[in-house]
Each structure stands twice: as C-alpha cells, then as structure tokens.
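# Observations on the three-dimensional arrangement
Chain by chain, the residues run as shown.
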Amino acid sequence: MADTLDTVITEGKALPLGPYPRIVTKDFEVPGIDRIEVYRQHGGYAALAKALRDIPPDTLAEEVKKSGLRGRGGAGFATGVKWGFLPKTAPKPRYLAVNCDESEPGTFKDRMIMEVSPHLLVEGTILAAYATHVHHAFIYVRGELAFAGRQVERAVREAYDAGLIGKDILGSGFDLDVTVARGAGAYICGEESALMESLEGKRGYPRLKPPFPAVVGLYGGPTVINNAETVSTLPAIVTLGADAYTAYGTEKSKGTRIFCLSGHVERPGNYELPLGTPMRVLIEDFGGGVRGGKRLKAIIPGGSSTPFLLPEHLDTPLDFESVAAAGSMLGSGGVIVLDEDTCIVAAVLRMSEFYRDESCGKCTPCREGTFWLVQLLERLEHGEGKASDLDLLNDICDNIAGKVFCPLGDAATSSIVSSIKLFRDEYLHHVRAHGCLVGPGARKH
Amino acid sequence: MISDDVKASMRAICAEYPTAQSGMLRCLHLAQETEGYITPAGMRAVAAATGARLDEVESVITFYTMFHREPVGAHVIKVCTSISCYLRGCDDVLAHLEARLGVRRGETTPDGKYTLKTIECLAACGMAPALQVNDEFVENVTTASADALLARLERGEGVAGLGGNWNLDNTHTTGNGAGASSDAARAGARGGKAL
Amino acid sequence: MAEQPREDLVNLTIDGRPVSVPKGSLIWAAARKLGIEIPIYCYHPKMEPLGACRMCFVAVEKMPKLATACTTVVTEGMVVRTDTPAVKKGRQGTLEFLLINHPLDCPVCDKGGECDLQDFTLRHGPGGSRFDVSKRHFAKPIPVSEQILLDRERCIACQRCARFCQSVAMEDGLAMQERGFRTEVGVDPAAPFDSIFSGNVVEMCPVGALTAKSYRFVSRPWELKKTGSVCGLCSVGCNVRVDVRVDKVLRQYSRPNDDVDDGWLCDRGRWELDAINSQERLRTPLIRKDGLLQPASWDEAMRLVAGRLREIAERDGPGAVGGIGSTHTTNEEAYLFQKLLRAGLGTNNVDHHHGRFPAAAPGAVLPWAWTDSIAGLERASDILILGADPYHRQPIVDLRIRKAIRAGARVHIVTPEPNRLDRLAATVLRYTPGHTGEIARALLNVVTAEGLTRGEFAAQRAATVEARRASVANDTPEQVAETAGIESAALRALARDLAGAEAAVILYDEMATREPSGATLAADLLDLALLTGNFGRPGAGVGPLMEDNNSLGARDMGLLPDTLPGYRLVADQDARAALGAVWGATLVGEPGQTYEEMLGGGVKALYVLGADPARHLADAQLTHLNGFEFLVVQDMFLTETARRADVVLPAVAYTEKDGSFTNTERRVQRVRQAMQPLPGAKADWEILVGVARALGLSWRYLTPAEILSEIGRTVPLYAGASRRALGELGACWPLSPGARTPEGRPTVSGSPFLTWEMFERGVAPSGVSGATGAAGPELAVARGREE
Ligand SMILES: Cc1cc2nc3c(=O)[nH]c(=O)nc-3n(C[C@H](O)[C@H](O)[C@H](O)COP(=O)(O)O)c2cc1C
Ligand code: SF4
Ligand code: FES
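Rules and cut-offs
- Residues numbered from 1 in each chain as written.
- Chains lettered and ligands numbered in written order.
- Predicted model: local features only at pLDDT ≥ 70, side-chain atom pairs only at ≥ 80, totals over all residues.
- Heavy atoms only, no water.
- Patch = residues over 30% accessible without salt bridge, like charges linked within 9 Å, V, L, I, M, F, W, Y side chains within 5 Å.
- Areas by Shrake-Rupley, 256 points an atom, 1.4 Å probe, with all protein chains shown as cover.
- Salt bridge = Lys/Arg side-chain N within 4 Å of Asp/Glu carboxyl O.
- Helix = DSSP H or I, 4+ residues; strand = E, 2+ residues; numbered from the N terminus.
- Buried < 20%, exposed > 50% of the residue type's maximum accessible area, 1.4 Å probe, protein only.
- Domains from an automatic or database assignment.
- Axes fitted to C-alpha atoms, helices over the stretch in contact; angles between N-to-C directions.
- Parallel < 35°, antiparallel > 145°, perpendicular 65-115°, else oblique.
- Contact = heavy atoms within 4.5 Å.
- Nonpolar A, V, L, I, M, F, W, Y, C, P; charged D, E, K, R; others polar.
- Pairing = 2+ DSSP bridges.
- Near = heavy atom within 4 Å.
- Buried area = accessible area lost by both parts, 1.4 Å probe.

Moving on to a nonpolar patch on the surface. All names here are of chain A. A cluster of nonpolar side chains, contributed by Phe-77, Val-81 and Phe-85, occupies part of the molecular surface with about 270 Å² of accessible area. Locating Phe-77 in the fold gives a position in the loop between helix H3 (57-67) and helix H4 (79-84). Relative accessible area serves as the criterion here: at 44%, Phe-77 is assigned to the partly exposed category.

Structural data, given as structure tokens:
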C-alpha cells in the first residue's frame, strides 16, 4: 500500500481526485473478518506478533508519537503525547480503557469497527496496553450497541483462546487481561472521566480534573483512555511504520480517519480518507452530493457538538487545523449535511434537546441552562419567540460555555451560537412571521 | 425470577474487575434480561453481588436510560430522534408507529406487546432513520418498511441481522479501488438484509 | 498562635491582599482567612471538593477560564481576584440558573433568613430574572424519613445531602436520582433513611429543600437566641448551638469542634429535646404532708432538707446519711454534692450509678479512662469494639469510626447483638450476652500463650507477662467458645490481628463491666493494650465508652465512696488534709457506702440528686426505697424515685445553666446557659448552695465559674481549669495550666492521649494542692489479679 502514498497528498494539500487508500478499514469487506481465523488469514495479529517480538514497549510508544496519530474520540489530542503523561512509577496498577461509547449524534464509525472487525479493535487494544505497560484493559461498549458488544466479547474470547490475551502472550512475557464493560444509556459516559465512574459501577458523573486520568484514573491508578478508532489504527502504524503512516494526511493531522457522512446526501456512510481531504470530495464525490439535487444549506463537520459551517466552506480540507480555521471543529468526524429545505431553528432545537436530556445534571449551568435554552428555542420555533430571545440565548450560552464542569455544556452551545451568527435572519423570520421559513417545522418532541 | 444461577453469573461478572461494584451495569443488564425490567428482587441481587447499598443501586439505575423500572412490552421499539435521523424523516416514522400502535411514545400497548420509545443517536446515522427493536437494529426505515416491520413482529419473526447496512464504499470516485463492492461490504460481518 | 514552618506555607494574593496558607489549601479557604466571602453550595469543608454548583468563581491570573475556588489549590505567587466583571457575571449567571426552577416561596420557607440562596442572591445575584418560561414542578414536600421533609422544587442539586449519606454516614439514605434537569434527591423505598445521623443533611442543605418536621413553620431564624454550648445527652459531648425561642429549645445545631464531633451532630442531640420543653417538669418544691407530696416554698423545703439531714446525722452518726449523685449534672454540681456530704455532713457515703471498675490500686493515680481520643481513632489501623454499641449509645464516635474506616482502618466488631457497623467491619463476632469479660481474657490468653506480646512495656516486665499468662491460662478461646458461644478460631485470629496491628484502639462499654463476668474487664483490656504495644500514642489505646454526658465527670469529681475528687483515695491522709484545708473541714478517712449498700438500706437518710435508682432496681429491692427515714430527690421530673421522696427539689435542664461536662475522651468542656431557668425550678448547684447554707455552711458561690476555679485549684487532673481557660473547645485531662494568651486569657493544656508514664508517675503537676505525685506500681497488671 505504501507505494501509492506519493500520489495522495503533498504538502498538506489534498489532491482533489486520486486514489484514496484505506488503512484501517481495508479488510472490512472481507466476509467473516469478524472471526479470528479469517482475520488472521488477512494478516490480522501480525502487527501484534511483530511488536511483541521486535519492538520494546517504549519504542512502540515512541513510534506512535512519531506517527503523529491524534485521538479519534473528538479532541484530537496526540496519542503518543498522552501516553507520555503516565508516570513512570506509581503505587497503583495502571489501566487502559478503550472508549467504545460512541454516542455523538452524527458519528457511527466505532460501532462499525466493533460489528465488522472486532479483532482489529482487540489487536489495537493489546498493542496500546503493551506500549503503555498496562496489564488490565477494559473495553467500554455503549449499552445500546448490543450486537457490537457481543462481537467484541466474542473476539476477546477468541483472542484469549488463541493465547493473544492472557499470560505470557505469544511467549513474550507480556501479560494482559481484557474485560468488556457495558454502558447503559448515557452520552456523558463517553467523556473519559465519566466513563471511569461508569466503569466503576457508579453514576456517570464526570470527575474533577486535575488529577488527570493519566495520573489518577480507574481505581486510583494511572489510566490511558483511547477511542476505539484510535486503537484500531495502531496495527496499521505497526505494520507500515511511523514514517510511512505520516505520509498520509497533513503536516499536523497525520494519517487517515473514518468520516461519518450523514444527513441530506445521496450516499451516507463511513468513508476512510486521508486527513486533509477537502470536504467537497467527501460530500460530493463519495457522498454523491446533496440528496435530490437540492442546494446545500449548512454543514456540521464534526458531530453535533461542533459549530455550523456554510456552503462557502465546502473546500475546507478535513483536518483539525483547517476546520478550526473555518470556525468549527473536526470533532468526532461526523459530517452532517443539511439541505436548503431544513429549518435551522428546528434542527438546532433538536440538537439542543439532546444536550438537555444527556446533561448529567451535576453542574448548574449545564443542568439548568440546557433546560432553559430548549424552552426558548421551542417558543422561537413555534413562532412565539421575541427578537430579544436571540440575545438572551447568546448570553445564556455565554454563561454556560467555559463555566461548566465538563465539555458537554460547552458542546451544547456550539450549534446555537453559530446558528444565530450564521442564520440570524431565519430566527428573526420565526419571530416576525410567527412561523417557519422553510416548512412545517419540527414537531414538539 | 432471579435464580441462583443468575446470582452466580452476577458474582462471576463482578469478579472480572478490580472492584465488585464495577460489575454493576452488566449485572443490571442481566437482571433486566432475566425479568424484563429491574424488579426489587433484581435490585437486591445486584446489590448483593456488587456489595453496593440499595440506595446506590437505585441511584445508578435512574441515571441510565436503558433500565426499565416498570414492566415493558415484549417488543420495545426505540426510534432514534437525533439530528441525522431527524433530517431523514424519523418524526414521520415515529408518528406512523404511534398511529399504527395506538400509543404515544413512552407508552405500552394495552396487550403488552409493544412499548414505543424514542432514543438518542444510535450510531446508525448513515442508515437513518434507524430504530431498535429491543436491542437489535433496523435501519433506513420508511413508513412502508415500518409496516413491514410490524408485520414481521406479528408473525413472530425476529429482527436480528437487519441492521449493520454499512456503506464504506470508496469506489465512487476514481479511487484506488481498494474497496470491494458495497454488497460485499454488507456481507463482511453480517448481512444487512432488507425487511 | 503556632506558626507553620515556612516551607509548608504558600503565599498568594487575593484582591491585592497577601495571605499565607498551608500547602494544599483551596483558594476558598485562603479567602476565608482574609475574611473574603466566596459563595459556595456544593462545597462542604468536611467533604471532598465537588466543583458542581459553579458558584465560587474567581479569576486567577494566567488561567484562561474562571476557576472554582472550592477546587483550585493555591500555588506560590498565585494572584486571585474575586471582584472582576467576569467573576461577577459568572456568579450572577449561576444564581440565575439556580433560580429559574427555584420557587420564590421564601415567606413560607423555614430556611428563610438563613438560606444561602437567599443570602447569595442578595450579595452576588442579578437584580431580576430573565426567565419567563415555565418552571419545573414537583409534588409538594415528601417525607424522606420520620423526621425530614423534602421539597424537591427548592433543591439546587448541590449533592451535599447525598454525599453526606453516601460518603460520611455510609448508610442508606438520600441519593441522587434521575439525571440532567430531572435530577432530584430521593430515598429508595427499599432502603429507608433511618440513620441516626440524618439531621445533618437538614443543617447542610443550603436551601429549604430539606427541613425538619419538628421545626416546620415554627419560627424564623431571627427570632431565635443562639448560644454555643455542649449537648447534654450522651458521653460524646458534641458541641452545639442551642436555638431558643422565648422559653423553648427549638433545635440544636452543630457548633463544630473538630476534635470532638468533626462538625456533626446526631439526631438525638439535634431533636431529642422533649425533656427540656416538657410540660411535666417540676415547677415547685414538694414536701410530703399527710402522706402526699404538696407544693412548698424553696425556703421551707431547703430548711427541711438541711434540718432532717443534720438531725439524723447527729442522732445516728454521719454514716446514717448518704447521697447518690448524677451522671448528668455538671462537674461543678457533682463537686458541690460530694463536698456537701464530705465536708458538710462528714460522710463518704456518696456514689452514683456507673460501670464497675476495680478500685484504683494504692498510689495509682489515673482511673479507668479511654487512653486515646476520639480524633485519635482516625489514626488507628485497627479498632476493636467489644460489647459496645456506639451507633446507638455514642453515635458521633461511631461516625468517627466510619471516618477511620475510610482512612483504611479495619474494624472488629465483637458484640452480642448485630451492630450497625457490621457491614463495614473486617471481623464480626457474636457471643452470648453477659460474657464480655471472658472474651477479654481469651484475647489475653492468646497474646500471652502464643508469645505475641510486643513493645517496651512487655519487654521490660517478663515476670509480669508470665504472671498474666498464668492467670489466664485456662481462658483459651476454645474454652470461652463453649461458655460464650463465640467462634474460637476467629477469636484467636482477632487476638493475632490486635497483636500485629500498627496501632489498635480497644473500646468497650462502661456498662459491660457490670456483667457477672466483667469484674476485671477493664484491667484485662488495659493489659491487652499494654502487652500488645497498643498504648500511649495517638491511634492506639484502650478504654471504656461512657454512658451519659457526664459519667466521667461524676467520677472525676469524687462521686465515689472511696475517692476524693481527682481519684485520690479517701484513705490518703495528705490528700484529705489538703482538701480539708481548702474546704475548711476535717475529712473522714473511712471509705463510705456504695450505691448498692446505700440503696440496700445502709443509710437512714438518702439524698438523690439527678438520678433515678428506682429505674435500675429489681422489684424486690424497690421496697427499700420506701424504707428510708428521709428521702430527698432533686430532679427535673417526678421520677419513680421522687414519688417516694419526702422532699422533692425541682432542678433545671443543662440548657438553663452554666457549668462544664467531661466527655468520654476526658475532655472538659463548658456548657452555657441558653435560656431562662424554668420558673420555680433552680439549677442543682444553686439548690446545693442553698441547702449548704441552711446547714450553716458558709458557702458563697455566686456562679458556677467560681466552683470551676476551685476545682482547678484542688483537683490535680483539672489543674488550671477555669471558665475562661477552657475556652470554646475545652481540653482533655490531665490538664495543666498553660501560658496566657496575648489578650491575657488564661489557658490550659490537655492530654489527647495517656502514656504509661502518666499512669505510673501520676499526673498532678507539682505545686497544686492535694497532689500526691506518688509513683504508682504497675497498675492493671498487678491489680487485675487482686479481685
Ligand atoms: C460529552 C463527551 C462525550 C464524549 N463521547 C465520546 C465517545 O463517545 N467516544 C469517544 O471515543 N470519546 C468521547 N469523548 C472524548 C473522550 O473524553 C476522550 O477524549 C477520548 O475518549 C479520548 O480518546 P482519544 O484520545 O483516542 O480520542 C467525549 C467527550 C465528551 C466531553
Ligand atoms: S436537598 Fe439540599 S443539600 Fe441535598 S442536594 Fe438538594 S439542595 Fe443540596
Ligand atoms: S441521529 Fe439517529 S442514529 Fe445518529
């Protein structure tokens, strides 16, 4: 695969057309790839064998750092750097938690990995544990994803039976236990510290930071938390080597990632593309463009927690820096497309209801603020709002953002603030005309 | 009934973790699978297995949306109403199901067969609108396919295997052709079938 | 004030003012030190920081976002501002959020006037709310326990109450339920909130969400007179604030004294105030005339008491009169009572109802007392609870044990009945009631027989150890298993745990010493502690948990037939002479009659003060009570004993007088008058002064403070005690006079734990009158066998 690299991306600029290699999902079409025999026939666990045989843990961690891999869970923090925060020695055991809680609206890649190729996830988990000197890893699977959970559980069992997990893995002397944990319906448990609470059998309230998980995490021990896709990328990095991997992507956003395309497009789905691929390529070439030949109205580039972008941003390269420069965030890679017939107020209301319902309720601004925001949006959407509500919404968002306990509260404000900025007239139309610009509007939810 | 076997399974779950309490959510899932919802006996068994106090167990149950605190229908239909499904018409599907079942969201049909609920983004946005019947996915739902779904359930057929209609087809551009056809993609893990 | 060493202090400025605080302090605490108020809801100094309510915003230089003062630890050179526009907006924002769903029902809310939401809104809040949509509603107050109501609408979800139940009380109770804007606190019906610590949540709730039924719609806080005092119920002596409206005690709140109560109060102390407010209380002296108790004047009653006592003492000798004192009255009153009998009537017939401790050995100065402290429990690695039930009898000690458990201590419960701590204990052993003493001996047996003795004490006394081994040679766990029905292997394991403990505390109930097998219980357990090296340092020790608020003080003050105040033997000529000189009397050297002896008819005239022996006597013995030629009872109520009296003198409650109590950890603490005495009744000390004067004694005490100062001069254990020296927090005896404060206030220093040297050498500082200073022989080890 490495021989196609030079044709893909040069100097941080993606070529509009050309081959789009798949690294992480390369074998996802293989029938039966979810079973260990088939997975191994296609080179599965070779990366693990190679690492255990040839690469000492710290070297592997160094290699991951060199690869520039950035977390795929949302924040995009460099994985190798994060591992480096683990203290060299600590009185308590250290743990790894793989975050498979995928619940960000617009995101559906981790579920695919778990359902289609659970062994890829397991192999990545073992590699991550090995590189960070962890001997007990947890895979936290979102509760609703029952089939995904069963797939992962079976893969773990198969790996135990094959001696790929357990004592003295492949004769390397490395011991690892892997336990699959299940969520039970709470978006907040995707947040790393809430995930730890949930894993410990408690309500999913985020924890106070500092101390950060790398220092005091699960059961009080130093803890690494990585997203499912992040660890699933590790086998490829081991196979290709950091140098080859960094040839994909841009200067600061290396490699490929799985973009989840949804909303008003012809062919929604997951597309693994090099970072830096222009949004237009994803939406038009892969996604087949806006459904029914309609015009594009807005794009949410990184899951519902990220601010809106406009059609004029279509050529923005999909990498962390470029999307940020355009005024949004690459987030979890969930690209949501809205066509011209969409009522922005209704869409924002729908997203805001999500945050109201998923707020854990621990901190005041998020608990009470999201409740208030929804009430205001509801009355605006139903033509009963006032023009001054827009300033009020903005000010409530200001009283939430940066003042809450965890990023969920900040996320709840993104679509509101950005939509008022970009679509003020549409809001005001609701006030003036006591109704919607584009259609019947959202039903009460 | 929470049998001794179930209790033993709960203890085994808890033993997989550094602290017994970590088994909480899995034990609660097990209690719910066994009895249909979280009964007082289920709660007590979970408290015993995890070493948590009853009030802690209660506190945990109410935090998570998946635990039913009252009996539910044999088929719990959960329609995703989050943004991507919303954009692709989930509200119509939901309204249609309400009309067909004669209940509103959150309610159970008088015959105890169906409970209709809404749920937050199911990680099926690429196959929106999506819903779950109990914990199994049904995707790309239309009002017509919703009817087909109900017919299927009436016939006593399950829905396992209907979900997972993954499209990761990178062949629509002049791409490198690394991906096989989308049919093959579906066959990859689990055939996503039409209703 | 003792300054911290420099390197442990961190310097910062808040609003431009410099302040130094210990490393690890929170900004909130540093601001408090400067008198700068930072509003808080979720934070509570006794619980881990939570950071949830987002009320305590401050601006910290170089931090991009506002910081929460309750979670941010100070760093050297930190620059904090609490008054920037951003801080004000942040706080206003949070208050506005809290108020959107909070009812504005302050006029009918019990918390009105002492509500943090009300107060902070006034000081930090927005002028009005921009919330013009509909509020969340809940059904009106729901009971969450027998005594507590919950208004969910008023709850601001600060989690204080739930966190108290979960992490401090560690008992079923309030917990957070639901989530997001549906969050509420609640109780699982299957796990009722019946904790004896429940009332703390009412006190902690910053708003009117949790209210006490007993106080609902009763008063506004500004109508209350609030007096700092000490609770008068059990022997813990929690510090309280007594809230009185006109002539009724409405509630007691905690007045934190961390060493004693860590800021908590139990529900008995908080709400069991019926006795004080009772309509049944005596309001006039009664004299038996024509066979009936009839109202009389104080003058008449006191003259009658004095006259009859004198008459009988003169007729049949001083040994014909006696007194039974109280475990509830103040030290001052106990002291005066025995002084009245010893100095006024010339008899040592004075005693009270208490645990049975073998008399102090000749020369030994310290009595049986807990050698460690309540706070010391936190430093124990192991805590043995033998035949005691602190949850019900000394609740706040139980709460401290829970804190010790959180700090890693292992608790071993060995009791006849199930104990509330069982669930959290490392060892739980049951035995047949009445056999506590045998269990103590079995533990000693294992330690000596298996050669598990440890520490210098044992090392230097091989012969003593051998003597002890021999004395308990037959008390093997296997033997005791038969008689006491206890698991022998587990008992053996427990003895080994104690012997191997880093620091163990052994606690037993004072009353267990009254069991048939309990005669040497105190001595045996003291030996167990000594021989296993669990003695003489914080976190290690042994001792009885006392019964009543002043059980220990009563003993200290000499309500015992054989010892003078401070445990000096009546037989001790020097002690008698010294006290006699102060008292202006010649004291008798013969020990007097015991409680049982007097009640059994050993005296003709009996003066019962604040005790109700009828309650403790078997029916057969009760007839003796009718047989006294003259029986006088001084009490708040017409007790069973008082019904049989010839004269009844009405006394007042502890909330109606000044004085001091000594709690189970030997802490002498001031009690303060919180309300007017009930009309017609008098404080016990006042009555005693009256009787003494009627007897012709020249007592001139005008206030309890004068009595306490006399105690400070005459009782070595209490050396230096005075109202001012004890201050707000009290001190554990042995006391010694301390340096004066910069303001010139006298102080005393106390002894949070007792060492063996103290036992041996005695504790009286030289120069105090009555000090014996005699070196004592080995105390328990020698004496345990004398019985
Ligand atoms: C409200 C909230 C929800 C989140 N949900 C997820 C999630 O579902 N999956 C995930 O991997 N990360 C999620 N995250 C990010 C995690 O906190 C964490 O950053 C991530 O798991 C780290 O893995 P990475 O470094 O591999 O990205 C969420 C964060 C927040 C604030
Ligand atoms: S009831 Fe009071 S203390 Fe408890 S969480 Fe609510 S506001 Fe806080
Ligand atoms: S929005 Fe419905 S599955 Fe994501």
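From this point, things continue past the structure.
A few words now on the domain arrangement of chain B. Domains assigned within chain B are domain 1 (4-63) and domain 2 (75-167). The centre of domain 1 of chain B, based on its C-alpha atoms, is set 29 Å off from the matching centre of domain 2 of chain B.

Moving on, we get to the packing of helix H6 (residues 118-131) of chain A against helix H9 (residues 228-240) of chain A. Residue and element names in this part refer to chain A. At their nearest, the axes of H6 and H9 sit 7 Å apart, and the two run at 80 degrees to each other. Between H6 and H9, the crossing angle belongs to the class labelled roughly perpendicular. Taking contact as the criterion, the partners of Leu-120, Leu-121, Glu-123, Gly-124, Thr-125, Leu-127 and Ala-128 in H6 are, on H9, Ala-228, Val-231, Ser-232, Leu-234, Pro-235 and Val-238. For the contact of H6 with H9, a count of residues per class yields nine nonpolar, three polar and one charged.

Moving on, we get to the pairing of strand E1 (residues 9-14) of chain C. Residues and elements named next belong to chain C. Summarising the sheet, E1 and strand E2 (residues 17-22) pair through six bridges and their orientation is antiparallel. Paired with Asn-11 across the two strands is Ser-20, which belongs to E2. What sits between the antiparallel neighbours E1 and E2 is a turn of two residues, in which Asp-15 has the positive phi angle 50 degrees. As paired elements, E1 and strand E5 (residues 78-81) share three bridges and run parallel to each other.

It is worth spelling out the site of ligand 2 at this point. Inspection of the region around ligand 2 gives 13 residues, with C:Cys155, C:Cys158, C:Gln159, C:Cys161 and C:Cys205 positioned closest. Split into classes, the residues belonging to the shell around ligand 2 amount to eleven nonpolar, one polar and one charged.

A word on the interface of chain A and chain B. Taken residue by residue, the interface counts 87 residues in chain A and 65 residues in chain B. Here chain A meets chain B over a buried area of about 6,000 Å², counting both sides, of which 56% is carbon and sulfur. Across the chain A-chain B interface, the total number found is three salt bridges. In this structure, B:Asp91 engages A:Arg350 in a salt bridge whose closest nitrogen and oxygen atoms are separated by 2.8 Å.

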